[in-house]
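A structural walkthrough
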Amino acid sequence: MKLEVDVPQGSVLGPLLFAVYCSPVGDIITDHGVHYHQYADDTQLHLAMSVDNTAAVLSVLAACTADVRQWYLQNGLQLNLDKSEALFVGTANQRCVVDSFASSVSVAGVDLPVSEDLKVLGVVLDRRLTFHRHVSMVARSCNYYAQAIRHVRHLSTELAQTSM
């Protein structure tokens, strides 16, 4: 396919023009009654479901994502299903019922396994919203940088002594 127009990579207007170009996707999603938010080229769909409407909600999600995928294909874009994830959040009883019913979620015609957790803009969300995994990852990152500072600390001391 030959592109008729483009925006240089890294341009100031690139993200704005991409958002404008993809804005019809929001209309498609809301037409299905699904809540969403977008950040750059990421789109997250949010659906509330209860134990008695699980099948209906998953059907709405499948139809919505199939329509979004169709719009992307018609407009020269492509969904990256390798980077797509599904997460059910709820109480232990709610998750038990959903887990017995749905071990995967149909997204744009592809069955995605349900994740134990997922990362959203740097925050790790788990199935119970406990943030234990997120806190663990932040602590691990802090420990890494503290160790890195410890290794270069002597260099700053030597530099201070040589400049005197």
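Provided above is the structure to which this section pertains.
Report on the accompanying structure.

Rules of the game
- Residues numbered from 1 in each chain as written.
- Predicted model: local features only at pLDDT ≥ 70, side-chain atom pairs only at ≥ 80, totals over all residues.
- Heavy atoms only, no water.
- Patch = residues over 30% accessible without salt bridge, like charges linked within 9 Å, V, L, I, M, F, W, Y side chains within 5 Å.
- Areas by Shrake-Rupley, 256 points an atom, 1.4 Å probe, with all protein chains shown as cover.
- Salt bridge = Lys/Arg side-chain N within 4 Å of Asp/Glu carboxyl O.
- Helix = DSSP H or I, 4+ residues; strand = E, 2+ residues; numbered from the N terminus.
- Buried < 20%, exposed > 50% of the residue type's maximum accessible area, 1.4 Å probe, protein only.
- Pairing = 2+ DSSP bridges.
- Expected span 1.5 Å × (residues − 1).
- Arc of directions from axis to C-beta.
- Core = buried A, V, L, I, M, F, W, Y, C linked by side-chain atoms within 4.5 Å.
- Contact = heavy atoms within 4.5 Å.
- Phe/Tyr/Trp six-rings, centres within 6.5 Å; stacked < 30°, edge-to-face > 60°.
- Axes fitted to C-alpha atoms, helices over the stretch in contact; angles between N-to-C directions.
- Parallel < 35°, antiparallel > 145°, perpendicular 65-115°, else oblique.
- Left-handed = near helix turned anticlockwise from the far one by under 90°.

Take a nonpolar patch on the surface next. Residues Val 7, Leu 13, Leu 16, Leu 17 and Val 20 make up a contiguous nonpolar surface patch of roughly 440 Å² in combined accessible area. Its place among the elements puts Leu 16 in helix α1 (residues 14-31).

Of note in this structure, Leu 129 is not a glycine but carries a positive phi near 55 degrees. Along the chain, the position of Leu 129 falls in the loop between β6 (123-126) and α4 (132-162). By relative accessible area, Leu 129 is classed as partly exposed at 42%. Of note in this structure, Phe 131 is not a glycine but carries a positive phi near 65 degrees. Mapped onto the elements, Phe 131 comes out in the loop between β6 and α4. Residue Phe 131 is classed as partly exposed on the basis of its relative accessible area, which comes to 34%.

One face of the sheet, then the other: side chains in a regular strand alternate in exactly this way. The sheet contact formed by strand β5 (residues 117-120) and β6 spans 4 bridges and is antiparallel. Each residue of the ladder has a partner; that of Val 120, found in β6, is Val 123. Between β5 and β6, which pair antiparallel and follow one another directly, the connecting turn spans 2 residues, one of which, Leu 121, has a positive phi of 50 degrees.

A word on helix α2 (residues 54-74). The end-to-end C-alpha distance of α2, which contains 21 residues, comes to 30 Å, matching closely the 30 Å that a straight helix rising 1.5 Å per residue would cover. By the burial criterion, the buried members of α2 are Thr 54, Val 57, Leu 58, Leu 61, Cys 64, Thr 65, Val 68, Trp 71 and Tyr 72. End-on, the buried residues of α2 take up no more than an arc of 145 degrees, which puts them together on one face. A positive backbone phi angle near 75 degrees is found at Gly 76, which sits one or two residues after α2.

Most often, soluble globular proteins have nonpolar side chains that are buried together. Residues Leu 58, Leu 61, Ala 86, Phe 88, Val 98, Val 105, Val 107, Ala 108, Leu 112 and Val 114 constitute the largest nonpolar core, which totals 10 residues. Within the residue set of this core, elements represented by two or more residues are α2 and β3 (104-107). In contact with Ala 86, not counting residues within four places along its chain, are Val 105, Pro 113, Val 114, Ser 115 and Leu 118. By size, the runner-up hydrophobic cluster in this structure holds 8 residues, among which are Ile 29, Val 34, Cys 64 and Val 68.

Its place among the elements puts Val 7 in the segment before α1. Classification of Val 7 as partly exposed rests on a relative accessible area of 37%. Residues Val 7 and Phe 18, spaced 11 residues apart in sequence, show a C-alpha to C-alpha distance of 9.0 Å. When near neighbours in sequence (up to four residues on either side) are disregarded, Val 7 contacts Gly 14 and Leu 17.

Ring pairs (aromatic) are described by centroid distance and by the angle formed between their planes. If you walk through the whole model with that rule in mind, you get 3 aromatic pairs. Measuring from centroid to centroid gives 5.0 Å for Tyr 144 and Tyr 145, while their planes differ by 80 degrees, and the two rings are edge-to-face. For the pair Tyr 144 and Tyr 145, one class covers both residues: exposed. Among the aromatic side chains, those forming a connected cluster through ring pairs are Tyr 21, Trp 71 and Tyr 72.

Closest axis-to-axis distance for the α1/α2 pair is 10 Å, and the angle between their directions is 160 degrees. One finds that α1 runs roughly antiparallel with respect to α2. For the crossing formed where α1 meets α2, the hand is right-handed. Counting all contacts with α1, which are made through Tyr 21, Cys 22, Pro 24, Val 25, Ile 28 and Ile 29, the residues of α2 involved are Cys 64, Asp 67, Val 68, Trp 71 and Tyr 72.

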